[in-house]
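# A closer look at the structure
Read off the chains here:
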Amino acid sequence: MTSCLRAVCAAIITITLNGCTELAYYAQAAHGQLTLLNDAKPIERWLSDPSVKDDLKGKLQRVRAIRQFAAQALSLPDNGSYKSFARLDRPFVMWNVVATPELSLKPESWCFPVAGCVDYRGYYDQADAQAFARKLRDRGLDVRVSGVPAYSTLGWFNDPVLSTFIHYPEAELARLIFHELAHQVAYAGDDSQFNESFATAVEEFGLEHWLEMRGDGEVRSAYIEFQHRRADFLSLLEHYRQRLEALYQSERTAGDKRREKSALLAGMQSDYVALKASWGGYAGYDRWFGEPMSNAHFALISTYHDLVPAFRALLQEKQSLPAFYAAVRALARTDKVRRRLTLERYMAMAQRAHSDGMNQTAASQ
């Protein structure tokens, strides 16, 4: 996930213009980032340390291979990112606060120098995140606080590998690294959906080729199972997101909307219990339900996934990753309206290709 930390250096200069509240926020961001960089040591140092357990060494060696593949096969930045490792004393590197109005799925946004506007606000301390969330709830907003295992500083710093994700299964580890490195390729300061959907497209494409190169049946099988569960989960969320969107856009009274909203959120939780049972009790998505359900749970779903088909269509048209990256960087420099119109055109291309593929499959059966 991208981070407003790209703004840290510029923010320190302009900080006095923003008042005491913003001063405290930027101070914790700067302190958290600098502490993280200070704790990181080159992977080679960890590998040569006899006190480091073999399991961690094996994971770090796999990261080196993934990192080399990212640079050589995916044309992702070959810099100092993910070539060091930091062991943290917490389960997540930071916590993001997402908020929406009570009867809307549109997320609040926060704007920062250099980094632009994003649909979340990050804190290195969970208590700070929860305190900010309480203030937003006092304003009547729906709020969710979620732990973040990794983020990108967009190339301003050399992002380290972290203990918060090093023990992920291999495919998920590769997927995360490809995603975060993609944020260093192109970034639009006013468009979280553009940034995250692009990174997700790169992550998916990169992982497909990583698994092909690895040729490890066990790793591939584990990831296919993960993909199926993720597809089921996203389908569940999309079903209820559409129902909530239709509800909020209807002419019903605010009171009726609140009652129906509660019923829909309760229904989704029940459906998730059934879905989890169909997975044999897999609990990997339980954390998503860790806080009381609200609109804020849905706010970023479209951010990460809705535009992915458009980017895949653009990649197919350009036929090479360098050409694709150049086109995406050019899009990032255009205004948001023109950028979205272009992506809608590629989305239509993707939908036509999908429809044609479905028709060909039906005809062959």
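Everything numeric here is computed off the predicted structure, so don't read it as measured data. (Residues numbered from 1 in each chain as written. Predicted model: local features only at pLDDT ≥ 70, side-chain atom pairs only at ≥ 80, totals over all residues. Heavy atoms only, no water.)

### Some details on the confidence of the model for the chain
The predicted model of the chain has a mean per-residue pLDDT of 89, with 90% of residues at 70 or higher. Mean pLDDT across the elements of the chain ranges from a minimum in helix 1 (residues 8–14), with 41, to a maximum in strand 2 (residues 84–86), with 98. Note that pLDDT drops below 50 for residues 2–18; the model gives that stretch 42 contacts with residues more than four away or on any other chain. (pLDDT = per-residue confidence, 0-100. Helix = DSSP H or I, 4+ residues; strand = E, 2+ residues; numbered from the N terminus. Contact = heavy atoms within 4.5 Å.)

### Quick notes on the environment of R287
Its location among the elements puts R287 in the loop between helix 9 (254–278) and helix 10 (301–305). The class of R287 is partly exposed, set by a relative accessible area of 47%. Residues R287 and G147 lie 140 residues apart in sequence; the distance between their C-alpha atoms is 9.1 Å. Apart from residues lying up to four places away in sequence, R287 is in contact with F92, R144 and G147. At a separation of 3.3 Å, a polar atom in the side chain of R287 contacts the main-chain carbonyl oxygen of G147. (Buried < 20%, exposed > 50% of the residue type's maximum accessible area, 1.4 Å probe, protein only. Polar contact = N/O pair within 3.5 Å; in protein donor to acceptor, adjacent residues only side chain to side chain.)

### With respect to the sheet that holds strand 3 (residues 94–100)
Across the sheet, which stays open at both edges, the three strands sit in the order 6-3-7 with antiparallel pairing between neighbours. Edge positions in the sheet fall to strand 6 (121–123) and strand 7 (142–148), since each has one partner strand and no second. The mean angle between the axes of side-by-side strands here comes to 25 degrees, regardless of whether they run parallel or antiparallel. One ladder, built from three bridges, connects strand 3 with strand 6; its direction is antiparallel. (Pairing = 2+ DSSP bridges. Axes fitted to C-alpha atoms, helices over the stretch in contact; angles between N-to-C directions.)

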